[in-house]
Amino acid sequence: MNIIETDKQYIANTYARFPLQLKSGKGAVMYDEDGKKYIDLGTGIAVTTFGIADEEWATAVTAQVNALQHTSNLYYSEPCAQLAKMLCEKTGMKKVFFSNSGAEANECAIKAARRWAFTKYGDENHSTIITLKNSFHGRTITTLAATGQDVFHKEFGPFTPGFVYADVDENADSVRKLAEENDCCAIMFEVVQGEGGVMPLPASFIEGLKKVAEEKDLLLVIDEVQTGNGRTGKLYSYMHFGLEPDIVSTAKGLAGGLPLGATMLGEKVQDVLTPSSHGSTFGGNPVACAGAISIFSRLTDELLAEVTAKSDYILSALQEAKGVKSISGMGLMLGIETEKPVAEVLSSCREKGVLPISAKTKLRLLPPLNIGWDELKEAIEIIKEVLA
Ligand SMILES: *Cc1c(COP(=O)(O)O)cnc(C)c1O
């Protein structure tokens, strides 16, 4: 049996995989089992921030593997403490809870928001969280409930109660209405809805959100699982809008390819999680944290400016290109509405040695943040050919 047959027989049928087995790579380049070369514009869904087998990252990770690969949270550990310090110093957040994935980072965000409301009111009557339609927050029963898309609310019920879904409108009037009709503690959202089709929230909506949150005493909970860690050209996407979040969750690109989730807690909520109120066996694993320190310490202003410059290049190259209907997104998280069906575009790109992904019906580009200009230009030329 070859690997594809073995996978089909023994792996649960949850993934519609591309007919491609990747074996190795370096930076923005990956190779399949036949040694065919591809330029990576997907980064394992915004995960391999500095590409494949980045030298500095690999050195940090292997040093930690050889020193101590796991301690559990029964003990103190340097990489985890140092990473938390870096995250707080760069964001102004006060404390961090580490987990292993985006869904878990959001679970913690939800628990912290509800604990804050419980602490404040002394009961569970203010536990409702407003999320947005077309959002995506994860695959656990609770984060599916938080996800504002009906397709995810079927056949796995009962789902966790306490979520209501607002429209993304001009001035956040829909959020205001829900805040008036329900006893809410928080509003949770992505600044750019990634899985929803790379849809940035309108600036006027974000301004509206700020006002409603202040008036109704709602916590601002921002899901930066995909948008975070430099992806949009700022360290976190909320920084484009001068938002002051109470809770920020992140994961995907944080550790450059190792599983790590982080929930950052601001001033108001920094002390609501008390001993035994939450935990994770693997959370803050030293190997993942060593990888994250290597990534996070290189998300400098220079690097972020480079992300923006590459984004501008892609926009100028593709905006007027044949077969392109529109482009949305921020930084190196872009969604292209194409004339050809996206499955066909992906397949042609694969044939020609480029690996973008899709988001709903759009072509989604998530290249490594440090992709070389030559590789980027070569990949964009190929995409232009394919789309024409
Ligand atoms: C991917 C994603 C998640 C879920 O992350 P997992 O690591 O797959 O659990 C949550 N929120 C957003 C915005 C995401 O893009």
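Residues numbered from 1 in each chain as written. Predicted model: local features only at pLDDT ≥ 70, side-chain atom pairs only at ≥ 80, totals over all residues. Heavy atoms only, no water.

Enquirer: Give a description of the packing of helix α4 (residues 78-91) against helix α9 (residues 286-296) that names residues and reports values.
Expert: In helix packing, the relevant descriptors are the interaxial angle and the interaxial distance, both defined with respect to the helix axes. Running from N to C, α4 and α9 cross one another at 35 degrees; their axes reach a closest spacing of 8 Å. Between α4 and α9 the crossing geometry is left-handed. Of the residues in α9, those touching α4 at Pro 79, Cys 80, Gln 82, Leu 83, Met 86, Leu 87 and Lys 90 are Pro 286, Cys 289, Ala 290, Ala 292, Ile 293 and Phe 296. Split by residue class, the contact of α4 with α9 holds 11 nonpolar, 1 polar and 1 charged. (Axes fitted to C-alpha atoms, helices over the stretch in contact; angles between N-to-C directions. Helix = DSSP H or I, 4+ residues; strand = E, 2+ residues; numbered from the N terminus. Left-handed = near helix turned anticlockwise from the far one by under 90°. Contact = heavy atoms within 4.5 Å. Nonpolar A, V, L, I, M, F, W, Y, C, P; charged D, E, K, R; others polar.)

Enquirer: Help me get a handle on the sheet that holds strand β1 (residues 22-26), residues and values and all.
Expert: Taken in spatial order, the 4 strands of this open sheet run β1-β2-β3-β15, and their pairing is mixed. In this open sheet, the two edge strands, each paired with only one partner strand, are β1 and β15 (354-355). Here strand β2 (residues 29-32) runs beside strand β3 (residues 37-40); their pairing, made up of 3 bridges, is antiparallel. Bridge pairing in β3 links Met 30 to Tyr 38. (Pairing = 2+ DSSP bridges.)

Enquirer: How would you sum up the packing of aromatic side chains? Please name residues and give values.
Expert: Counted under the stated rule, the structure contains 3 aromatic pairs. Arg 114 extends its terminal NZ or CZ atom over the ring of Phe 163, reaching a point 5.3 Å from the ring centre. One cation-aromatic arrangement involves Lys 377 over Tyr 313; the distance from NZ or CZ to the ring centre is 5.8 Å. (Phe/Tyr/Trp six-rings, centres within 6.5 Å; stacked < 30°, edge-to-face > 60°. Lys NZ or Arg CZ within 6 Å of the ring centre and 35° of its normal.)

Enquirer: For the sheet that holds strand β17 (residues 362-365), give the residues involved together with the corresponding values.
Expert: Spatially, β13-β14-β17-β16 is the arrangement adopted by the 4 strands of the open sheet, whose pairing is antiparallel. The strands lining the two open edges of the sheet, one partner per strand, are β13 (324-330) and β16 (357-359). Neighbouring strand axes in the sheet, compared pairwise and without regard to direction, differ in orientation by 35 degrees on average. Sheet topology note: the β16/β17 ladder contains 3 bridges and is antiparallel. Bridging from a neighbouring strand, Ala 359 pairs with Lys 362 of β17. Against the sheet, helix α10 (residues 301-318) engages β13, β14 (333-338) and β17, with an angle of about 10 degrees to β14. Together, β14, β16 and β17 form the strand contacts of helix α11 (residues 342-351), whose direction differs from that of β17 by roughly 45 degrees.

Enquirer: Please give an account of the pairing of β3 that cites residues and values.
Expert: In textbook terms, the turn of a hairpin is the stretch between consecutive antiparallel strands, and for β2 and β3 this stretch comprises 4 residues, one of which, Gly 35, has a positive phi near 85 degrees. Strand direction decides the pairing type here: β3 and β15, joined by 2 bridges, are parallel. Bridge pairing in β15 places Ile 39 opposite Val 354.

Enquirer: Any details on the nonpolar core? Residues and values, ideally.
Expert: In terms of nonpolar packing, the biggest core is built from 89 residues, with Leu 87, Ile 130, Val 175, Ile 187, Phe 189 and Ile 383 touching the most fellow members. At 7 residues, the largest contribution of residues to this core is made by helix α12 (residues 373-387). Apart from the residues lying within four places of it in its own chain, the contact partners of Val 175 are Ile 130, Leu 132, Ala 166, Ile 187, Phe 205, Leu 209 and Val 212. (Core = buried A, V, L, I, M, F, W, Y, C linked by side-chain atoms within 4.5 Å. Buried < 20%, exposed > 50% of the residue type's maximum accessible area, 1.4 Å probe, protein only.)

Enquirer: Tell me about unusual backbone geometry, and name the residues and values.
Expert: Excluding glycine, residues mostly have negative phi values, and the peptide bonds linking residues are mostly trans. Between Gly 157 and Pro 158 the backbone carries a cis peptide bond, its omega angle lying at 0 degrees. Here Pro 158 shows up in the loop between α6 (141-146) and β6 (163-166). Within the chain, Ser 276 stands out as a residue other than glycine whose phi angle is a positive 75 degrees. Tracing the backbone shows Ser 276 in the loop between β12 (261-265) and α9. Of note in this structure, Lys 360 is not a glycine but carries a positive phi near 50 degrees. Among the structural elements, Lys 360 can be located in the loop between β16 and β17. For Lys 360, a relative accessible area of 45% puts it in the partly exposed group.

Enquirer: Help me get a handle on the side chain of Ser 237, residues and values and all.
Expert: Relative to the helices and strands, Ser 237 resides in the loop between β10 (219-223) and β11 (247-250). Here the side chain of Ser 237 touches Glu 224 through a polar contact of 2.9 Å, side chain to side chain. Here Ser 237 is in contact with Val 191, Glu 224, Thr 227 and Thr 232, once residues within four sequence places are set aside. (Polar contact = N/O pair within 3.5 Å; in protein donor to acceptor, adjacent residues only side chain to side chain.)

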